[in-house]
Amino acid sequence: MASFADAARFLLLTAVGIAGNPSTADAASASPVSGWRSDLDWAALTSKLSSSASLIDTSLDDYTDECMPEFSEPSPTTHALIDQPSGMCLPHLLLGWEMSWPRPSENHHMDQPYVQAYFDLFGLDPTADFESWMSDPTNPSLNLPSKVLFPTVASDVVAAVNFAKDNGLEISVKNSGHSYQGASSKKNTLLLNMNRYTHYAPTGITDCDASILGSTVTEDLSNQPCLLSLAKNKSSLIRVGGGENFDKVYRAVIAANEEEGYKYHLVGGYAGTVSPMGWSWQGGLGGSTGGRLYGFGVDQVVQLEMVLPNGVHVKFGPTDWEDASAEGFTVPRTKVVSGVCRSNPDEHDEENWVWQSCPEDFDIDFNDMWFAVRGGGGGTWGVVTSVYLQLHDYLPFKSYLFNNPPFRTEKCTAIFPQFAEFVAHYMSAPSLLNVTKERSHACGSPDPRAGIYCHGEEDVMQAWTRFLDLNNSTDPANVACLFSSDKLASHYNLPAPPGYAEFMISFAKNLRADRFPGKVPDDPPGKIGADLAGVLVPQSWLDEGEENRKTLQENGTPYYYAFGGAAASGSDQANSLSQAHRNAAFMVAFYNLDVLDDFWGNLFPQMFDISDKTKFPPVFGSNHAGYLTAGPLKEDWTKPCPREWTFEERREKCISFQEAIYGTERLARLEAIKKAVDPQFIFNCVNCVGNNLPEASKSEDDEPSPAEAEPLLGNSSDETSGASFVSSFVAAISATAVYLLIHII
């Protein structure tokens, strides 16, 4: 099979060839049709919305005109896409089609082989006609919604969910769309774009005062977040709205710190355009923000507010807990989760909301919801309208960069493999460098190429010097390959950044193109990472011998260091994040397909207990699992899922995407909760928990869904611009090739 380098170069040459052929710029304009599901009384929904909410019809033209030009930019950013009027833009161009694969298919690509997707997406099939596929509004693989609602208050969400429930519609939910699986876009759904929803973070920080809280949780749960925080020996929280991403939340914390003298720390995502509403529910890897000190994203949640699939607006959180320190946990064990329902769901003004005990016929188990949402993925359990997140005490920040501008040298480039080995030791075997576990846990890294990020006391430079000494490589030029954010600040005559977000904002203009100054820059996932699997490498397996570590370094890259420390001990033992996350030393991605195939037969049986053939163990990290990822054969876990099979065969005969993330046992519990919470599968996002259940749940004589597939045609007043489309497409595919050449090869 061709290499990634060959694929990237082919894409680049193909892009040049397309650009030089003017005949490809002639695309037929779409015929106008009436809005999606015009048989429904949309006016009835509109009448219940707040004055600031909006419901609009959308089309492929919107995606082409608003979203596609961004991918011709040298450094495309989701910041430029989030506020586009249609609300349909996605961080990656191809996410607008099923499986991010525009080849037309009438049955979701189930009858097409995996290898064809690989050849198409990596530019290895010269007959692949991306231009016509992507400009065709009747392409059955198009996966964009035709109706978008921008809710601004919870009552808008309640109205939308009830409308969908009454009319047999599905709902998709999006903040920024930062999803490897493409879970935030789906055709024939009512998309709730939460970007204009109430922003709580700017005024959402609460300092908990034990003297006025009392010791008992109030009936309306108003003091529950603070009581739980105090039980964790924490004293501050921040409320985040369902449409706020980390850029907004980080900047809210920065503003509070600048006003009050740096007292708060937030565990969050690496990219500013990642949302707590997706990142947290997938697990939430805090490799740059102290996750090894304070736990995963799921561990930061102290109260949830949601609109459930039954249309009820609820809030819930732990109301009874017990100390678990004797068992090695740093936070209390959750014993009971309680919730309340809003008795006036049509009220738009939050000051007039009334929270009361849920009615007798309310049959949702809040213990199950607390378990499922925190780790079971976003978009499938309902709509999160706000969340209270834990804030921690501020610790001094310092980052370390290896061979980055403006201090890059060829000599440093040559010793990057040694630096990667050093990071592996510092993070998962610190004693080899005379570093304590505590100082190791102060640091993390989403990828050694992206830097090391530390909060509190650490020994990075001392350890780096010792590592070089042990390897007889103490040339001062080698030592200087690694430098701190303080040195970078001095070079640019800037103050040393006091925190991670400040570092990213301050140096964005010097380290990368800064088209949105003052915002935390984003770092979208790779444009082609469809089948990449982030394997959660057990710390216990690494501890068996240095040979195991060397084996990984030869075959997998990059590593994601957001594991160990509080990532293992910070669980309330009532979330659905897999135990593999808790036991991991780091997550490693296998870019080479042959190596990934070999993993199942060689490393997998060594790393994981597969003695019970009825329980497939969790193996993959959830946050970065590619949308074409699958486990091994069901009948033989040591053999990879054949790539020449169709997707239907792979679904039938291979361990599923969800099983490889959660394990069969945990997935079974999550699917049972899904059926109980959302029996109509109103929330049925791509590759989410329960996504494979609706068809299997139907009886043979069930009527077809009322939301049959309809072509996503253009608006009556618009015409598709073929030249514009092809130009954007060429730029996008060129960017894809460049990404591969730079980041993968």
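Further up the page is the structure itself.
Residues numbered from 1 in each chain as written. Predicted model: local features only at pLDDT ≥ 70, side-chain atom pairs only at ≥ 80, totals over all residues. Heavy atoms only, no water.

**Student:** Would you mind going over the environment of R650 with me for this structure?
**Tutor:** As for its placement among the helices and strands, R650 is situated in helix α26 (residues 647-653). Taking the C-alpha atoms as reference points, R650 and P632, 18 residues apart in sequence, are found 9.4 Å from one another. Residue contacts for R650: discarding those within four places in its chain leaves Y114, L628, A630, C641, P642, R643 and W645. (Helix = DSSP H or I, 4+ residues; strand = E, 2+ residues; numbered from the N terminus. Contact = heavy atoms within 4.5 Å.)

**Student:** Would you take a moment to explain the environment of A420 for this structure?
**Tutor:** With respect to the helices and strands, the residue A420 is situated in helix α14 (residues 416-428). Each C-alpha atom of the pair A420 and P448 lies 6.2 Å from the other, and the pair is 28 residues apart in sequence.

**Student:** Whenever I open this one, the packing of aromatic side chains confuses me. Can you help?
**Tutor:** Geometry of an aromatic ring pair is reported as the spacing of the ring centres plus the angle between the planes. In this structure the tally under the stated criterion is 46 aromatic pairs. Each ring, one from Y270 and one from Y453, has its centre 6.3 Å from the other, and the planes form 65°; the classification is edge-to-face. Of this pair, Y270 sits in the loop between β7 (264-265) and α10 (276-282) while Y453 sits in strand β15 (residues 451-455), and the two are 183 residues apart along the sequence. The two residues Y270 and Y453 agree in class, both being buried. Measuring from ring centre to ring centre gives 6.1 Å for W353 and W355, while their planes differ by 85°; the resulting arrangement is edge-to-face. The exposure classification of W353 matches that of W355, with both residues buried. (Phe/Tyr/Trp six-rings, centres within 6.5 Å; stacked < 30°, edge-to-face > 60°. Buried < 20%, exposed > 50% of the residue type's maximum accessible area, 1.4 Å probe, protein only.)

**Student:** Honestly, helix α28 (residues 664-677) in this entry has me stumped. Any pointers?
**Tutor:** Every α-helix carries 3.6 residues per turn, so stepping three or four residues along brings you back to the same face. Across its 14 residues, α28 extends 20 Å between first and last C-alpha, which sits within 8% of the 20 Å expected from 1.5 Å per residue. Every buried residue belonging to α28 is among T664, L667, L670, E671, I673, K674 and V677, and all of these are buried. (Expected span 1.5 Å × (residues − 1).)

**Student:** Can you walk me through the sheet that holds strand β17 (residues 534-538) in this structure?
**Tutor:** Backbone hydrogen bonds hold the strands of a sheet together, and the pairing may be parallel or antiparallel. Overall, antiparallel pairing links the three strands, which are arranged β17-β19-β18 in an open sheet. Both outer strands of the open sheet, β17 and β18 (559-560), are each paired with one neighbouring strand and no more. Where β18 meets strand β19 (residues 584-589), two bridges bridge the pair, whose relative direction is antiparallel. Residue pairing for β19: Y560 is matched across the bridge by M587. (Pairing = 2+ DSSP bridges.)

**Student:** Whenever I open this one, the state of the cysteines confuses me. Can you help?
**Tutor:** A complete count under the given rule lists seven disulfides for this structure. With a sulfur-sulfur separation of 2.1 Å, C67 is cross-linked through a disulfide to C89. Between C67 and C89 the disulfide shows an S-S torsion of about -85°. By sign, it is left-handed. Remark: C89 occurs in the loop between α3 (60-67) and α4 (114-121) and C67 occurs in helix α3; sequence separation between them is 22 residues. Across the disulfide, C208 is cross-linked to C226 (sulfur-sulfur distance 2.1 Å). (Disulfide = S-S within 2.5 Å.)

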